[in-house]
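# Secondary and tertiary structure notes
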Amino acid sequence: MRKNIVAGNWKMNTTVPEGVQLAKDVNDAVAAVNDLKCDVVVGVPFTHLTAVKAVLEGGKVLLSAENCADHDKGAYTGEVSAPMVASTGADYVILGHSERRGYYNETIEMLKTKVDLALAAGLKVIFCCGESLDERKAGTHFEVIKNELVGSLFHLDDKAFANIVIAYEPIWAIGTGETATADQAEEIHAFIRNLVAEKYGAQVADDTTILYGGSCKPSNAAELFAKPDIDGGLIGGASLKAADFMGIVTAF
Ligand code: PEP
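Now for a quick tour of the structure. (Residues numbered from 1 in each chain as written. Predicted model: local features only at pLDDT ≥ 70, side-chain atom pairs only at ≥ 80, totals over all residues. Heavy atoms only, no water.)

## Concerning the pattern of salt bridges
Taken as a whole, this structure holds twelve salt bridges when the rule is applied. As a salt-bridge pair, lysine 3 and aspartate 39 come within 3.5 Å of each other at their nearest N and O atoms. Residue lysine 3 is found in the segment before strand E1 (5-9), and its partner aspartate 39 is found in strand E2 (residues 39-44); the two are separated by 36 residues along the sequence. A residue is classified by how much of its surface remains accessible, and aspartate 39, at 23% relative accessible area, is partly exposed. Ionic pairing is found between aspartate 229 and arginine 193, a salt bridge with its closest N-O pair at 2.5 Å. Placement of aspartate 229 in the loop between helix H11 (218-225) and strand E8 (232-235) and of arginine 193 in helix H9 (residues 182-200) is noted, with a sequence separation of 36 residues between them. With respect to class, aspartate 229 is no different from arginine 193; both count as buried. A single network of salt bridges, built from pairs that share partners, joins Arg2, Arg193, Asp206, Asp229 and Asp231. (Salt bridge = Lys/Arg side-chain N within 4 Å of Asp/Glu carboxyl O. Helix = DSSP H or I, 4+ residues; strand = E, 2+ residues; numbered from the N terminus. Buried < 20%, exposed > 50% of the residue type's maximum accessible area, 1.4 Å probe, protein only.)

Take a look at the structure:
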């Protein structure tokens, strides 16, 4: 049975004290929900992981980093490795976000290495894919998404792949206020699930959680999550206010 998940991606926002307060607010609000219908994850900056973990200890909210290095350890000044992330008690790492692909030149090959290192460290991976507006206009979006998934994930065996959550994030919808319609998102989610089925079989595909990300908010989450292949959301802007984030968590 696949899980529904709502995961926040705080990006480069909040100081440590602000982040601790936000995590407390989310943790308390999630604890107060009687019939929680999804796993809840907060994705936080590296600097916040340990302090936020302490806040979440014993509760239901899971913890994610937003990135990890493409090396295990050594002379890579400023980088943070997957084992370092795992040693904070984090459960997940977000990899392949379009901001990292775009601003930091993360390639399909580099992300394949990061995925392997994250899984070897015992982390689960929220792996982002998605097309730009130009790619959608040119009609190459299916091909772009397929290349991202095949190139960075499809070398994994079934056991390893069970630790992957896929997030479809059309770049044109991230932080723009422009959400993909529920039908547009469902079309891509069904395409992704079909790709997974072709590679790993129907059962693995059915068990794979596929999140939508891109200006998801309390007002549109329920319509998106009602679609058969949309299993939750990766939430940027709306994860920075506990009330907005909870409006999405409770949208199932
Ligand atoms: C994201 O960057 O992962 C994201 C979905 O952002 P937003 O919700 O702000 O569009």
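Alright, that's what it looks like, and here's the rest.
## Concerning the site of the ligand
The immediate surroundings of the ligand are formed by 15 residues, with Lys11, His97, Glu169, Gly175 and Ser215 found nearest. For the ligand, an oxygen atom lies 2.7 Å from a polar atom in the backbone of glycine 175. For the ligand, the protein covers 96% of the area, taking 290 Å² as the surface of the free molecule. For the shell around the ligand, a count of residues per class yields four nonpolar, eight polar and three charged. (Near = heavy atom within 4 Å. Polar contact = N/O pair within 3.5 Å; in protein donor to acceptor, adjacent residues only side chain to side chain. Areas by Shrake-Rupley, 256 points an atom, 1.4 Å probe, with all protein chains shown as cover. Nonpolar A, V, L, I, M, F, W, Y, C, P; charged D, E, K, R; others polar.)

## With respect to the layout of surface pockets
Empty space within the largest pocket amounts to approximately 500 Å³. A per-class count over the lining of the largest pocket returns seven nonpolar, four polar and four charged. (1 Å grid on protein atoms, 1.4 Å probe; cavity = no way out; pocket = protein on both sides within 12 Å on 5 of 7 lines; lining within 4 Å. Points joined across faces, edges and corners; volume = space filled by probe spheres on them.)

## Observations regarding the pairing of E2
Counting buried positions along E2 gives five out of six residues, so the element sits mostly inside the fold. Two elements, E1 and E2, share five bridges in a ladder whose sense is parallel. Note on E2: the bridge partner recorded for isoleucine 5 is aspartate 39. In terms of handedness, the path from E1 via helix H1 (residues 16-31) over to E2 forms a crossover that is right-handed. Note that the unit made of E2, helix H2 (residues 49-56) and strand E3 (residues 62-65) has a crossover that is right-handed. (Pairing = 2+ DSSP bridges. Right-handed = clockwise from strand over helix to strand, strands pointing away.)

## Some remarks on the pairing of strand E4 (residues 92-95)
With burial as the criterion, each face of E4 is covered, one bearing Tyr92 and Ile94 and the other bearing Val93 and Leu95. Pairing of E3 with E4, which is carried by two bridges, proceeds in the parallel orientation. Residue pairing in the sheet places serine 64 in a bridge with tyrosine 92 of E4. Between the parallel pair E3 and E4, the chain is carried across by helix H3 (residues 82-87), and the sense of this crossover is right-handed.

## A look at the side chain of asparagine 9
By secondary structure assignment, the location of asparagine 9 is in strand E1. One polar contact links the side chain of asparagine 9 to the main-chain amide nitrogen of lysine 11, over a distance of 3.2 Å. Setting aside residues up to four positions removed in sequence, asparagine 9 forms contacts with Gly43, Glu66, Ile94, His97, Leu234, Ile235, Gly236 and Ser239. (Contact = heavy atoms within 4.5 Å.)

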